[in-house]
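Fold and geometry: a report
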Amino acid sequence: MTSDNKAVPRHVAIVMDGNGRWAKKRFLPRFFGHKQGVDALVKVVQACIDREIGYLTVFAFSSENWKRPSDEVSGLMGLVLAAVSRYLARMGAMGVRIRIVGDREAVSEKLRNAWNEAEALTQHNTKLTLSVAFNYGGRWDIVQACKAAMAAGVPPDQLSEAKLSEFMAMSYAPDPDLFIRTGGEVRISNFLLWQVAYTEFVFSDCLWPEFGEAQLDAAISAFRDRDRRFGGVKDAGGSLSAA
Ligand code: IPE
Ligand code: IPE
Ligand code: MG
(Lines give C-alpha, C1' and ligand atoms only; values in the text may rest on other atoms or scores of the structure.)
(Ligands and ions follow the chains in the order given, each with its own letter.)
Protein backbone atom coordinates (compact mmCIF):
# COMPACT_ATOMS: atom_id res chain seq x y z
CA MET A 1 0.00 0.00 0.00
CA THR A 2 1.31 3.45 -0.81
CA SER A 3 1.08 6.67 1.13
CA ASP A 4 -1.39 8.36 -1.17
CA ASN A 5 -2.55 11.35 0.81
CA LYS A 6 -0.69 14.02 -1.12
CA ALA A 7 -3.57 14.03 -3.61
CA VAL A 8 -7.18 14.72 -2.64
CA PRO A 9 -8.86 12.05 -0.53
CA ARG A 10 -10.83 9.62 -2.66
CA HIS A 11 -13.50 9.14 -0.01
CA VAL A 12 -14.57 11.70 2.60
CA ALA A 13 -16.99 10.75 5.38
CA ILE A 14 -18.66 13.47 7.45
CA VAL A 15 -20.60 13.47 10.71
CA MET A 16 -22.73 16.55 10.12
CA ASP A 17 -23.11 17.60 13.75
CA GLY A 18 -24.06 20.88 15.42
CA ASN A 19 -27.35 21.79 13.71
CA GLY A 20 -29.22 22.09 17.01
CA ARG A 21 -26.61 24.32 18.59
CA TRP A 22 -26.48 26.50 15.47
CA ALA A 23 -30.23 27.10 15.82
CA LYS A 24 -30.04 27.60 19.58
CA LYS A 25 -27.42 30.32 19.18
CA ARG A 26 -29.98 32.15 17.02
CA PHE A 27 -32.91 31.51 19.38
CA LEU A 28 -34.52 29.35 16.69
CA PRO A 29 -36.10 25.90 17.01
CA ARG A 30 -33.69 23.03 16.28
CA PHE A 31 -35.55 22.29 13.06
CA PHE A 32 -34.11 25.44 11.47
CA GLY A 33 -30.62 24.15 12.14
CA HIS A 34 -31.43 20.94 10.30
CA LYS A 35 -32.93 22.93 7.43
CA GLN A 36 -29.81 25.05 7.16
CA GLY A 37 -27.81 21.82 7.39
CA VAL A 38 -29.38 20.55 4.16
CA ASP A 39 -28.24 23.71 2.36
CA ALA A 40 -24.73 23.26 3.73
CA LEU A 41 -24.71 19.70 2.40
CA VAL A 42 -25.68 20.80 -1.11
CA LYS A 43 -22.76 23.27 -1.11
CA VAL A 44 -20.33 20.65 0.17
CA VAL A 45 -21.44 18.20 -2.53
CA GLN A 46 -20.54 20.81 -5.17
CA ALA A 47 -17.24 21.54 -3.43
CA CYS A 48 -16.37 17.83 -3.47
CA ILE A 49 -17.14 17.61 -7.19
CA ASP A 50 -14.94 20.66 -7.82
CA ARG A 51 -12.10 18.95 -5.94
CA GLU A 52 -12.61 15.65 -7.78
CA ILE A 53 -13.42 13.71 -4.62
CA GLY A 54 -15.11 10.51 -5.77
CA TYR A 55 -17.09 9.51 -2.69
CA LEU A 56 -18.80 11.59 -0.02
CA THR A 57 -20.59 9.80 2.79
CA VAL A 58 -22.63 11.79 5.28
CA PHE A 59 -24.22 10.79 8.56
CA ALA A 60 -27.76 12.17 8.38
CA PHE A 61 -29.62 10.10 10.98
CA SER A 62 -28.14 7.53 13.33
CA SER A 63 -29.80 4.39 14.63
CA GLU A 64 -29.72 6.16 18.03
CA ASN A 65 -31.38 9.38 16.83
CA TRP A 66 -34.83 7.78 17.35
CA LYS A 67 -34.25 8.66 21.02
CA ARG A 68 -34.92 12.31 20.20
CA PRO A 69 -38.29 13.95 20.92
CA SER A 70 -40.88 12.71 18.44
CA ASP A 71 -41.47 16.18 16.98
CA GLU A 72 -37.78 16.49 16.11
CA VAL A 73 -37.76 13.01 14.55
CA SER A 74 -40.86 13.69 12.46
CA GLY A 75 -39.49 17.12 11.52
CA LEU A 76 -36.31 15.45 10.26
CA MET A 77 -38.25 12.84 8.25
CA GLY A 78 -40.33 15.59 6.63
CA LEU A 79 -37.23 17.62 5.92
CA VAL A 80 -35.53 14.71 4.18
CA LEU A 81 -38.59 14.11 2.00
CA ALA A 82 -38.70 17.80 1.10
CA ALA A 83 -34.95 17.82 0.38
CA VAL A 84 -35.27 14.87 -2.00
CA SER A 85 -38.03 16.55 -3.98
CA ARG A 86 -36.24 19.90 -3.96
CA TYR A 87 -32.71 18.78 -4.83
CA LEU A 88 -32.95 15.44 -6.64
CA ALA A 89 -33.05 16.93 -10.15
CA ARG A 90 -30.18 19.27 -9.33
CA MET A 91 -28.07 16.47 -7.89
CA GLY A 92 -28.78 14.40 -10.99
CA ALA A 93 -27.69 17.27 -13.26
CA MET A 94 -24.51 17.66 -11.21
CA GLY A 95 -23.58 14.04 -11.96
CA VAL A 96 -24.17 12.81 -8.41
CA ARG A 97 -25.05 9.20 -7.77
CA ILE A 98 -27.12 8.93 -4.58
CA ARG A 99 -27.01 5.83 -2.41
CA ILE A 100 -28.69 5.32 0.94
CA VAL A 101 -27.01 3.22 3.62
CA GLY A 102 -28.82 2.08 6.72
CA ASP A 103 -31.76 0.03 7.89
CA ARG A 104 -34.68 0.99 5.67
CA GLU A 105 -37.18 -1.21 7.49
CA ALA A 106 -37.96 1.34 10.18
CA VAL A 107 -38.55 4.36 7.94
CA SER A 108 -41.93 5.21 6.42
CA GLU A 109 -42.95 3.76 3.09
CA LYS A 110 -43.06 7.28 1.67
CA LEU A 111 -39.43 7.87 2.59
CA ARG A 112 -38.41 4.42 1.34
CA ASN A 113 -40.01 5.20 -2.00
CA ALA A 114 -38.21 8.56 -2.14
CA TRP A 115 -34.88 6.81 -1.47
CA ASN A 116 -35.60 4.24 -4.16
CA GLU A 117 -36.46 6.97 -6.64
CA ALA A 118 -33.32 8.96 -5.80
CA GLU A 119 -31.15 5.87 -6.24
CA ALA A 120 -32.81 4.77 -9.46
CA LEU A 121 -32.73 8.19 -11.10
CA THR A 122 -29.05 8.77 -10.37
CA GLN A 123 -27.71 5.23 -10.80
CA HIS A 124 -25.73 5.98 -13.95
CA ASN A 125 -24.03 9.11 -12.60
CA THR A 126 -20.30 8.89 -12.03
CA LYS A 127 -18.97 12.28 -10.89
CA LEU A 128 -19.51 11.76 -7.17
CA THR A 129 -21.17 9.02 -5.16
CA LEU A 130 -23.07 10.62 -2.31
CA SER A 131 -23.93 8.03 0.31
CA VAL A 132 -26.47 9.20 2.84
CA ALA A 133 -26.27 7.20 6.06
CA PHE A 134 -29.81 7.19 7.38
CA ASN A 135 -31.00 5.03 10.25
CA TYR A 136 -27.43 3.81 10.09
CA GLY A 137 -25.23 2.46 12.85
CA GLY A 138 -21.76 1.00 12.49
CA ARG A 139 -22.70 -1.92 14.75
CA TRP A 140 -25.90 -2.52 12.79
CA ASP A 141 -23.78 -2.66 9.63
CA ILE A 142 -21.42 -5.31 11.05
CA VAL A 143 -24.33 -7.44 12.29
CA GLN A 144 -26.26 -7.17 9.00
CA ALA A 145 -23.09 -8.13 7.09
CA CYS A 146 -22.62 -11.22 9.30
CA LYS A 147 -26.26 -12.19 8.82
CA ALA A 148 -26.01 -11.71 5.04
CA ALA A 149 -22.82 -13.77 4.87
CA MET A 150 -24.49 -16.58 6.83
CA ALA A 151 -27.61 -16.38 4.66
CA ALA A 152 -25.39 -16.62 1.57
CA GLY A 153 -23.98 -19.85 2.98
CA VAL A 154 -20.42 -18.63 3.61
CA PRO A 155 -18.85 -21.32 5.82
CA PRO A 156 -17.04 -20.06 8.95
CA ASP A 157 -13.62 -21.13 7.68
CA GLN A 158 -14.18 -19.09 4.50
CA LEU A 159 -15.09 -15.91 6.38
CA SER A 160 -12.21 -13.44 6.16
CA GLU A 161 -11.96 -9.66 6.49
CA ALA A 162 -12.15 -9.34 2.71
CA LYS A 163 -15.15 -11.69 2.55
CA LEU A 164 -17.09 -9.86 5.26
CA SER A 165 -16.31 -6.54 3.54
CA GLU A 166 -18.28 -7.77 0.55
CA PHE A 167 -21.40 -7.80 2.73
CA MET A 168 -20.93 -4.42 4.41
CA ALA A 169 -23.40 -1.71 3.42
CA MET A 170 -20.73 0.30 1.61
CA SER A 171 -18.98 -2.55 -0.20
CA TYR A 172 -19.18 -0.48 -3.40
CA ALA A 173 -16.82 2.20 -2.05
CA PRO A 174 -13.20 2.27 -0.93
CA ASP A 175 -12.76 2.82 2.82
CA PRO A 176 -12.88 6.51 3.77
CA ASP A 177 -9.52 8.29 3.63
CA LEU A 178 -10.74 11.29 5.60
CA PHE A 179 -13.35 11.42 8.37
CA ILE A 180 -14.59 14.85 9.39
CA ARG A 181 -16.81 15.56 12.38
CA THR A 182 -18.17 19.06 12.84
CA GLY A 183 -19.76 20.44 16.00
CA GLY A 184 -16.83 19.98 18.39
CA GLU A 185 -17.53 16.50 19.75
CA VAL A 186 -14.62 14.10 19.51
CA ARG A 187 -16.35 10.76 18.99
CA ILE A 188 -17.60 8.45 16.25
CA SER A 189 -21.18 8.07 17.60
CA ASN A 190 -21.55 4.68 15.88
CA PHE A 191 -20.85 5.94 12.35
CA LEU A 192 -18.72 3.75 10.08
CA LEU A 193 -16.84 1.46 12.48
CA TRP A 194 -15.56 -1.31 10.24
CA GLN A 195 -14.55 1.06 7.45
CA VAL A 196 -12.48 3.58 9.44
CA ALA A 197 -9.71 1.24 10.58
CA TYR A 198 -7.08 3.40 8.83
CA THR A 199 -9.01 6.58 8.13
CA GLU A 200 -7.55 9.96 9.09
CA PHE A 201 -9.76 11.89 11.55
CA VAL A 202 -10.32 15.64 11.58
CA PHE A 203 -12.54 17.19 14.25
CA SER A 204 -13.81 20.71 13.72
CA ASP A 205 -15.55 23.08 16.12
CA CYS A 206 -17.45 24.54 13.19
CA LEU A 207 -21.19 23.85 13.47
CA TRP A 208 -22.43 21.94 10.41
CA PRO A 209 -24.67 24.72 8.97
CA GLU A 210 -21.56 26.94 8.84
CA PHE A 211 -19.35 24.33 7.18
CA GLY A 212 -18.28 25.24 3.65
CA GLU A 213 -15.43 25.24 1.18
CA ALA A 214 -12.91 26.89 3.53
CA GLN A 215 -13.50 24.30 6.26
CA LEU A 216 -13.37 21.45 3.74
CA ASP A 217 -10.07 22.75 2.40
CA ALA A 218 -8.70 23.05 5.95
CA ALA A 219 -9.61 19.41 6.62
CA ILE A 220 -8.04 18.26 3.34
CA SER A 221 -4.92 20.22 4.15
CA ALA A 222 -4.70 18.56 7.60
CA PHE A 223 -5.18 15.20 5.88
CA ARG A 224 -2.31 15.89 3.48
CA ASP A 225 0.00 16.66 6.40
CA ARG A 226 -0.63 13.26 7.96
CA ASP A 227 1.88 10.48 7.72
CA ARG A 228 -0.15 7.42 6.72
CA ARG A 229 1.79 4.29 7.56
CA PHE A 230 -0.94 1.63 7.76
CA GLY A 231 1.14 -0.12 10.39
CA GLY A 232 4.29 -0.13 8.25
CA VAL A 233 7.47 1.95 8.43
CA LYS A 234 8.74 4.66 6.13
CA ASP A 235 12.17 4.48 4.52
CA ALA A 236 14.41 7.59 4.38
CA GLY A 237 12.82 8.64 1.08
CA GLY A 238 9.37 8.66 2.68
CA SER A 239 7.94 5.62 0.86
CA LEU A 240 6.40 2.72 2.67
CA SER A 241 8.63 -0.32 2.73
CA ALA A 242 7.33 -3.34 0.85
CA ALA A 243 6.69 -6.49 2.84
C1 IPE B 1 -26.76 16.72 13.74
O2 IPE B 1 -27.01 17.86 14.48
C3 IPE B 1 -27.94 16.29 12.91
C4 IPE B 1 -28.61 15.08 13.37
C5 IPE B 1 -28.22 14.30 14.32
C6 IPE B 1 -29.81 14.70 12.65
P7 IPE B 1 -27.60 17.77 15.95
O8 IPE B 1 -29.09 17.81 15.87
O9 IPE B 1 -27.03 16.63 16.68
O10 IPE B 1 -27.07 19.13 16.56
P11 IPE B 1 -26.50 19.36 18.03
O12 IPE B 1 -25.38 18.38 18.22
O13 IPE B 1 -27.62 19.14 18.98
O14 IPE B 1 -26.02 20.78 18.01
C1 IPE C 1 -24.26 11.90 15.26
O2 IPE C 1 -24.60 13.04 15.95
C3 IPE C 1 -25.33 11.55 14.28
C4 IPE C 1 -25.49 12.46 13.14
C5 IPE C 1 -24.82 13.54 12.89
C6 IPE C 1 -26.53 12.09 12.22
P7 IPE C 1 -25.33 13.00 17.37
O8 IPE C 1 -25.56 14.40 17.75
O9 IPE C 1 -26.53 12.13 17.29
O10 IPE C 1 -24.25 12.29 18.28
P11 IPE C 1 -24.03 12.37 19.87
O12 IPE C 1 -25.36 12.11 20.52
O13 IPE C 1 -23.50 13.73 20.18
O14 IPE C 1 -23.01 11.31 20.15
MG1 MG D 1 -25.39 16.37 17.83
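Conventions adopted
- Residues numbered from 1 in each chain as written.
- Chains lettered and ligands numbered in written order.
- Predicted model: local features only at pLDDT ≥ 70, side-chain atom pairs only at ≥ 80, totals over all residues.
- Heavy atoms only, no water.
- UniProt positions renumbered as here; feature names shortened; annotations may be inferred.
- Near = heavy atom within 4 Å.
- Polar contact = N/O pair within 3.5 Å; in protein donor to acceptor, adjacent residues only side chain to side chain.
- Areas by Shrake-Rupley, 256 points an atom, 1.4 Å probe, with all protein chains shown as cover.
- 1 Å grid on protein atoms, 1.4 Å probe; cavity = no way out; pocket = protein on both sides within 12 Å on 5 of 7 lines; lining within 4 Å.
- Sits in = over half its atoms within 2 Å of the grid points.
- Nonpolar A, V, L, I, M, F, W, Y, C, P; charged D, E, K, R; others polar.
- Core = buried A, V, L, I, M, F, W, Y, C linked by side-chain atoms within 4.5 Å.
- Buried < 20%, exposed > 50% of the residue type's maximum accessible area, 1.4 Å probe, protein only.
- Helix = DSSP H or I, 4+ residues; strand = E, 2+ residues; numbered from the N terminus.
- Contact = heavy atoms within 4.5 Å.
- Phe/Tyr/Trp six-rings, centres within 6.5 Å; stacked < 30°, edge-to-face > 60°.
- Lys NZ or Arg CZ within 6 Å of the ring centre and 35° of its normal.

The name recorded for the protein in an unreviewed UniProt entry is Isoprenyl transferase, from Roseateles aquae. Taken verbatim from the UniProt record of the protein, the Function (unreviewed entry) comment is "Catalyzes the condensation of isopentenyl diphosphate (IPP) with allylic pyrophosphates generating different type of terpenoids."

1. Quick word on the site of ligand 2
Contacts to ligand 2 come from Val15, Met16, Asp17, Phe59, Ala60, Phe61, Asn65, Arg68, Arg181, Arg187 and Ser189. One nitrogen or oxygen atom from the side chain of Asn65 is found 2.9 Å from an oxygen atom belonging to ligand 2. Interatomic distance of 3.3 Å between a side-chain N/O atom of Arg181 and an oxygen atom of ligand 2. A total of 390 Å² of accessible area belongs to ligand 2 in isolation, and the protein chains cover 78% of it. Taking a 2 Å distance to the grid points as the criterion, the majority of the atoms of ligand 2 fall inside the largest pocket. For the shell around ligand 2, a count of residues per class yields 5 nonpolar, 2 polar and 4 charged.

2. Side note on the nonpolar core
Ranked by internal contacts, the top residues of the largest apolar core, which has 49 residues, are Ile14, Val45, Leu56, Val96 and Phe134. Ranked by residues supplied to this core, first place goes to helix α3 (residues 70-93) with 10 residues. Every residue in contact with Ile14, bar those within four places of it in the chain, is listed here: Val44, Leu56, Thr57, Val58, Phe59, Ile180, Phe191 and Trp208. Ranked by size, the runner-up nonpolar core spans 12 residues in total, among them Phe59, Met170, Phe179 and Leu192.

3. Side note on the packing of aromatic side chains
As enumerated under the stated definition, the model contains 14 aromatic pairs in all. Ring geometry for Phe31 against Phe32: centres 6.0 Å apart, planes inclined by 85 degrees, an arrangement best described as edge-to-face. Judged by its relative accessible area of 34%, Phe31 is partly exposed. Chaining the aromatic ring pairs together yields one cluster made of Phe59, Tyr136, Trp140, Phe179, Phe191, Phe201 and Phe203. Cation over ring: Arg99 sits above Tyr172, and NZ or CZ is 3.7 Å from the ring centre.

4. As for the UniProt feature "active site" (unreviewed entry) in the protein
The feature "active site" (unreviewed entry), as given by UniProt, occupies Asp17 and Asn65 in the numbering adopted here. Maximum C-alpha separation among the annotated residues is 12.1 Å over a sequence range of 49 residues, consistent with a single clustered spot. Put simply, the named residues that line the largest pocket are Asp17 and Asn65. Relative to the helices and strands, Asp17 is located in the loop between β1 (11-15) and α1 (19-25). The exposure class of Asp17 is buried, given its relative accessible area of 18%. The contacts of Asp17, once residues within four sequence positions are left out, are Arg181, Thr182, Gly183, Glu185, Cys206, Leu207 and Trp208. Relative to the elements of secondary structure, Asn65 occurs in the loop between β2 (55-62) and α3. Of note is the side chain of Asn65, whose polar atom sits 2.7 Å from the backbone nitrogen of Ser62.

5. With respect to the site of ligand 1
For ligand 1, the set of nearby residues contains 13 residues, the closest of which are Asp17, Gly20, Arg21, Arg30 and Arg68. Gly18 is positioned such that a nitrogen or oxygen atom in its backbone is 3.4 Å from an oxygen atom of ligand 1. A distance of 2.9 Å is found between an oxygen atom of ligand 1 and a backbone nitrogen or oxygen belonging to Gly20. The protein chains hide 87% of the 380 Å² of surface that ligand 1 would expose on its own. Here ligand 1 is seated within the largest pocket. It is α1 that provides the largest number of residues to the shell around ligand 1, a total of 3 residues.

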